[in-house]
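Residue-level listing of the chains:
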Amino acid sequence: MFRQTEEGRARMLASDREKLAALEPGGTAERPIDVVSSPVIDIRAKAMPCLRCQGEVNLEEQTAEMVDGKSLRLAHLTCVRCGSKRKVWFRITSPLPN
Ligand SMILES: [Zn+2]
């Protein structure tokens, strides 16, 4: 049926977007987004639209993760519209000493 085909297409596009997002900064622990402080993570994370519906996201929590000896932050996002979840990696870079 036509309707099912359209939905299948939409799902395929969404999964393509998710694959692309994994290649962008923040998509994996190997490529975290550099920020200067934890409040900046809140702002940056909330500004990232949902990959499925481009809706607004909620930052559920921010967790500290150790990956290969590096201290990273993981932002857990949930779309307010479709409920789709997403994780974005960040790294807090120390400000330069003066
Ligand atoms: Zn969504």
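Before going into details, it helps to say that this report is about the structure given with it.

Quick notes on the rules
Residues numbered from 1 in each chain as written. Predicted model: local features only at pLDDT ≥ 70, side-chain atom pairs only at ≥ 80, totals over all residues. Heavy atoms only, no water. Donors = N, O, S within 2.8 Å, 3.2 Å for Na, K, Ca; no water. Tetrahedral: all angles 85-135°; square planar, octahedral: opposite > 155°, others 65-115°. Helix = DSSP H or I, 4+ residues; strand = E, 2+ residues; numbered from the N terminus. Pairing = 2+ DSSP bridges. Axes fitted to C-alpha atoms, helices over the stretch in contact; angles between N-to-C directions. Contact = heavy atoms within 4.5 Å. Salt bridge = Lys/Arg side-chain N within 4 Å of Asp/Glu carboxyl O. Buried < 20%, exposed > 50% of the residue type's maximum accessible area, 1.4 Å probe, protein only.

A few points about the coordination of the zinc ion
Piece 1. Around the zinc ion, the protein supplies Cys50 (SG), Cys53 (SG), Cys79 (SG) and Cys82 (SG) as donor atoms, at distances of 2.3 Å.
Piece 2. Around the zinc ion, the 4 donor atoms are arranged such that angles at the metal cover 100 to 117 degrees; this shape is classified as tetrahedral.
Piece 3. Within one chain, the residues donating to the zinc ion are spaced in sequence as C-x2-C-x25-C-x2-C. Taken as a pair, Cys53 in the loop between α2 (38-46) and β2 (57-67) and Cys82 in the loop between β3 (70-79) and β4 (85-92) lie far apart in primary sequence, 29 residues in all.

Overview of the sheet that holds β3
Piece 1. The 4 strands lie next to each other as β1-β4-β3-β2, forming an open sheet whose pairing is mixed. Only two strands of the sheet have a single partner each, and these edge strands are β1 (33-35) and β2. Shown here is a sheet whose adjacent strand axes are inclined to one another by a mean of 35 degrees, direction ignored.
Piece 2. The pairing of β3 with β4 spans 6 bridges and is classified as antiparallel. Of the residues in β4, the one forming a bridge with Thr78 is Lys85.
Piece 3. Against the sheet, α2 contacts β1, β2, β3 and β4, and its axis sits at roughly 130 degrees relative to β2.

Comments concerning the pattern of salt bridges
Piece 1. For the structure shown, the criterion picks out 3 salt bridges.
Piece 2. The partner of Lys19 in a salt bridge is Asp16, with the nearest N and O atoms 4.0 Å apart. Highlighted residues: Lys19 and Asp16, both in helix α1 (residues 2-23), separated by 3 residues, approximately one helical turn.
Piece 3. Across the pair Asp34 and Arg91 runs a salt bridge whose closest N-O atoms are separated by 2.8 Å. One end of the pair, Asp34, is in strand β1; the other, Arg91, is in strand β4, with 57 residues separating them in the sequence.

What to know about the environment of Met48
Piece 1. Position of Met48 relative to the elements: it lies in the loop between α2 and β2.
Piece 2. By relative accessible area, which is 15% here, Met48 ends up buried.
Piece 3. It is 9.0 Å that separates the C-alpha atoms of Met48 and Leu77, two residues lying 29 residues apart in sequence.
Piece 4. Contacts of Met48, omitting those with residues within four sequence positions, involve Ile33, Val57, Arg86 and Val88.

Focus on unusual backbone geometry
Piece 1. In this model, Gln54 sits at a positive phi of 65 degrees, which is unusual for a non-glycine residue.
Piece 2. Locating Gln54 in the fold gives a position in the loop between α2 and β2.
Piece 3. At Asp68, a position not held by glycine, the phi torsion is positive, near 50 degrees.
Piece 4. Looking at the element boundaries, Asp68 is found in the loop between β2 and β3.

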